[in-house]
Amino acid sequence: MKDKKQILKELDDAIDRADMNDIERGLNSLSVVEPNTIQAEDPGLFSTRVQKMYKEQCIMNKPRRALRISVVAAVIMAMGITVYAASTLNWFSFLSGDKFVTMRTTESMTEDEAKALVETNQNAVIPDDAVMETPEIQELSFDTVQQAEKELDMLLVLPASLPDMVLDNANAQIVGFGEGLETRTCWLNYSDDQGRLFGVTVVREIIQPGTPVTGYTTHDIDDGSLGSYKSKSGIEYTTLTESDDSGEMTAHIAYTMIGEYEYTLVFVGFEEDERQEIIDSADLSVYK
Amino acid sequence: MPKYRKMLGGGSCLSGKSEKDKAFFDDLCMSYYEKVLRYLCSKLDCEAAARDCTQDVFLVALQKSTLLRQHPNPGGFLFQTAKNIAKKKKRESFQQMMLELDAEDTDIDDGIPDLSDYIQMVQDQQINEEDYIESVLSELSEEKRRLYTLYYLNKESMREIALLFGVEEAAMRMRFVRLRREIRTIAAAVAVKYFIS
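Note that this is a predicted model, so its numbers are computed, not measured.

**Q** Any chance you could explain the overall build of chain B here in plain terms?
**A** Regarding its fold elements, chain B presents 9 helices and 0 strands. N-terminal to C-terminal, the α/β element order of chain B is α-α-α-α-α-α-α-α-α. Looking at chain B as a whole, 42% of its 197 residues qualify as buried. Nonlocal contacts in chain B, meaning residues at least 24 apart in sequence, comprise 67% of its contacts between residues at least 6 apart.

This is the structure in structure tokens:
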């Protein structure tokens, strides 16, 4: 008879192979050598509890961005970065360690200064006098893209070569930081019966003239995946991939920044030539 | 930031999740919750830690539910996630123990090399770190293994553990000092016996 250690080893091997039959067999064998004495809660109650917890986590995570913006402002002062009065929004994207960073700022700074700012800010101690704004957050969902455009008052460009896919959901988040800054993000997610996924994410930063803003967002990306692609209309996209924890599903992402918009296309299950055709067919001239 | 959240998340909060996602998640819990919990209890030898980790597994599933709905084998994904989370939990617990050992032994030279040297060797040689940690812990007596589990995996306070064993907290702290040193000795022996070529 196998002991617990052997069974767990075989079970782990089955998990690595994602073989559900062997996993079931392993669990049954475990029950023989180690009778189950755990009181599992009702799966329905467990599901409700986890969903509630997830929602609470989301709420807890949201103020981070406000914090980051406030701290960034303080670090700018501490570092003596050259700051001019500027009203246009400058965008930067770069790697910082193993993170892909996108930064938007109304300040005039070089990319090196932006990188240094992010690096310093990772370890920044929040100054006592930092102004902490609590953002106002609004979550929305829509039935159609047109409805989203109208209610969000933002342009949602869809590539002309959009594959034959179904719109799974159209959701948005509006985050307001005081009077001067509002960020509107819209996610459009499509899928088809082949299991492919396609997403369009559009972010619009609305900044009132004279409001100094510097903020950045970090993303986990796959090592060595950062690249670029220039579309036929001459728009430079940053390309990267993100994989799930199991490494089985990889999203190819093309990202660009124009005017007050961030525009991202996400592909799961598409070949490179299909991706490029779709990217080329996105007319972003309306964002300029 | 969770992967896909910004790019593809379809709304970063549950209110943004579609009804399809929620129904799919309910089904996942119905089909796999008890099995994942069962697996993690055996894997971690600690019910409280297993419950926490099971929760983490399903939080990941919920976060990725839009993508997971398209996954050909969501059960396989859940168990792979459970395995990774258990591995991480064990590694973090062991590392915490090593840090405490290093902190209390800075002035002592008992001829036994630093435990982190062995861990480093294991990592350098790309040996299965989980097997190594398990081999070390399996050499402990049942009671000492329980102490390790209560403090490092279950995160019980020293006071609570002392109460459980009916001893003074100071005496329990001393037991842990001895436990950590014993683990270091075992780790050295296990590394030499099974892992260091």
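After presenting the structure, the write-up continues.
**Q** Help me understand the overall build of chain A, please; the structure alone is not making it clear to me.
**A** Across its full length, chain A carries 7 helices and 11 strands. The buried share of chain A, taken over its 288 residues, is 30%. Of the contacts formed within chain A by residues at least 6 apart in sequence, a portion of 60% connects residues at least 24 apart.

**Q** Hey, could you run me through the confidence of the model for chain A in this one?
**A** All names here are of chain A. The predicted model of chain A averages 78 in pLDDT, with 80% of residues at 70 or higher. Taken element by element, chain A is modelled with least confidence in helix α4 (residues 63–79), mean pLDDT 47, and with most confidence in helix α7 (residues 272–280), mean pLDDT 94. In the model, residues 125–132 has pLDDT below 50 throughout and makes 9 contacts with residues more than four positions away in sequence or in other chains.

**Q** It is not clear to me how the sheet that holds strand β7 (residues 214–220) of chain A should be interpreted in this structure. Could you clarify?
**A** Note: strands within a sheet are paired through backbone hydrogen bonds, in either parallel or antiparallel orientation. Residue and element names in this part refer to chain A. If you walk across this open sheet you meet the 3 strands as β1-β2-β7, and the pairing is antiparallel. One side of each edge strand has no neighbouring strand; the edge strands of this open sheet are β1 (90–96) and β7. In this sheet, neighbouring strand axes are inclined to one another by 20° on average, regardless of whether the strands run parallel or antiparallel. As paired strands, strand β2 (residues 99–105) and β7 are joined by 7 bridges and run antiparallel to one another. The residue of β7 that forms the bridge with Arg104 is Gly215.

**Q** What is the right way to read unusual backbone geometry from this model?
**A** Residues and elements named next belong to chain A. One non-glycine residue, Ala18, lies in positive phi territory at about 55°. One can find Ala18 in the loop between α1 (4–16) and α2 (20–33). You will see that Asp153, though not glycine, has its phi angle at about 55°, which is positive. Among the secondary structure elements, Asp153 is positioned in the loop between α6 (145–152) and β4 (166–177). When the 9 C-beta atoms within 10 Å are taken as the criterion, Asp153 is described as exposed.

**Q** Looking at this structure, I do not really get the packing of helix α1 (residues 19–44) of chain B against helix α2 (residues 47–63) of chain B. What am I missing?
**A** For any two helices packed against each other, one specifies the crossing angle of their axes together with the interaxial distance. Residues and elements named next belong to chain B. Relative orientation of the contacting elements α1 and α2 amounts to 145°, with a least axis distance of 9 Å. Of the two possible hands of crossing, α1 and α2 adopt the one that is right-handed. Of the residues in α2, those touching α1 at Phe25, Leu28, Cys29, Tyr33, Val36, Leu37, Leu40, Cys41 and Leu44 are Glu47, Ala49, Ala50, Arg51, Cys53, Thr54, Val57, Phe58, Ala61 and Leu62. Split by residue class, the contact of α1 with α2 holds 16 nonpolar, 1 polar and 2 charged.

**Q** It is not clear to me how the sheet that holds β4(A) should be interpreted in this structure. Could you clarify?
**A** All names here are of chain A. Strand order in the open sheet formed by 8 strands is β3-β4-β5-β6-β11-β10-β9-β8, and the pairing between neighbours is antiparallel. Strands with a single pairing partner mark the edges of an open sheet, and in this sheet they are β3 (136–142) and β8 (227–230). On average, each strand axis in the sheet is inclined to that of its neighbour by 20°, with strand direction left out of account. As judged from the 7 bridges shared by β3 and β4, these two strands associate in the antiparallel manner. Looking at β4, one finds that Ser141 is bridged to Asn171. Sheet contacts for α7: β8, β9 (236–243), β10 (250–258) and β11 (261–268); angle to β11, the most-contacted strand, approximately 155°.

**Q** How do you make sense of the nonpolar core when you look at a structure like this?
**A** Soluble globular proteins: nonpolar side chains tend toward being buried together. Core analysis: the largest hydrophobic core is formed by 92 residues, its most contacted members being B:Val36, B:Leu40 and B:Ala82. The element that contributes the greatest number of residues to this core is α1(B), accounting for 11 residues. Not counting residues within four places of it along the chain, the set of residues in contact with B:Leu40 comprises B:Ala50, B:Cys53, B:Thr54, B:Ala82 and B:Ala86. In this structure, A:Ala114, A:Leu117, A:Val118 and A:Tyr216 belong to the second largest nonpolar core, which totals 6 residues.

**Q** Teacher, can you tell me more about the packing of α1(A) against α2(A) here?
**A** All names here are of chain A. One way to put it is that α1 packs onto α2 with a least axis distance of 9 Å and a crossing angle of 165°. Comparing their axes, α2 and α1 come out roughly antiparallel. Seen from above, α1 lies across α2 with left-handed handedness. Where α1 abuts α2, its residues Lys4, Ile7, Glu10, Leu11, Ala14 and Ile15 lie against Asp22, Ile23, Gly26, Ser29, Leu30 and Val33. Looking at side-chain class alone, the contact of α1 with α2 contains 7 nonpolar, 2 polar and 3 charged residues.

**Q** Looking at this structure, how should I read the confidence of the model for chain B?
**A** Keep in mind that low pLDDT regions are not for reading the predicted coordinates in detail. Residue and element names in this part refer to chain B. Mean pLDDT over chain B stands at 78; residues scoring 70 or higher make up 76%. Here residues 1–16 is modelled with pLDDT under 50, and outside its nearest four sequence neighbours on either side it reaches 56 contacts, counting other chains as well. The complex prediction reports pTM at 0.49, with the ipTM value standing at 0.71.

**Q** In this structure, what is going on with the environment of A:Gly227? I would like to understand it.
**A** Mapped onto the secondary structure, A:Gly227 falls in strand β8. Sequence separation between A:Gly227 and A:Ala254 is 27 residues, and the spatial gap between their C-alpha atoms is 9.3 Å.

**Q** Any chance you could explain the pairing of β9(A) here in plain terms?
**A** Two faces belong to every sheet, and in a regular strand the side chains alternate between them. Residues and elements named next belong to chain A. Bridging between β8 and β9 involves 4 bridges; their strand directions are antiparallel. Paired with Ser228 across the two strands is Thr238, which belongs to β9. Here β8 hands over to β9 after 5 residues, with Gly234 in that stretch at a positive phi of 90°. Pairing analysis gives 6 bridges linking β9 to β10, with the strands arranged antiparallel. Opposite Thr241, over in β10, you have His252 as the bridge partner.

**Q** Teacher, can you tell me more about the environment of A:Met249 here?
**A** Residue and element names in this part refer to chain A. Its location among the elements puts Met249 in the loop between β9 and β10. Overall, Met249 belongs to the buried group, with 21 C-beta atoms counted inside 10 Å. A sequence separation of 20 residues divides Met249 from Gly269, and the C-alpha atoms of the two residues are 8.4 Å apart.

The rules behind these values
- Residues numbered from 1 in each chain as written.
- Chains lettered and ligands numbered in written order.
- Predicted model: local features only at pLDDT ≥ 70, side-chain atom pairs only at ≥ 80, totals over all residues.
- Helix = DSSP H or I, 4+ residues; strand = E, 2+ residues; numbered from the N terminus.
- Buried ≥ 20, exposed ≤ 12 C-beta atoms within 10 Å, placed from the backbone.
- Contact = placed C-beta atoms within 7 Å.
- pLDDT = per-residue confidence, 0-100.
- Pairing = 2+ DSSP bridges.
- Axes fitted to C-alpha atoms, helices over the stretch in contact; angles between N-to-C directions.
- Left-handed = near helix turned anticlockwise from the far one by under 90°.
- Nonpolar A, V, L, I, M, F, W, Y, C, P; charged D, E, K, R; others polar.
- Core = buried A, V, L, I, M, F, W, Y, C linked by C-beta atoms within 7 Å.
- Parallel < 35°, antiparallel > 145°, perpendicular 65-115°, else oblique.

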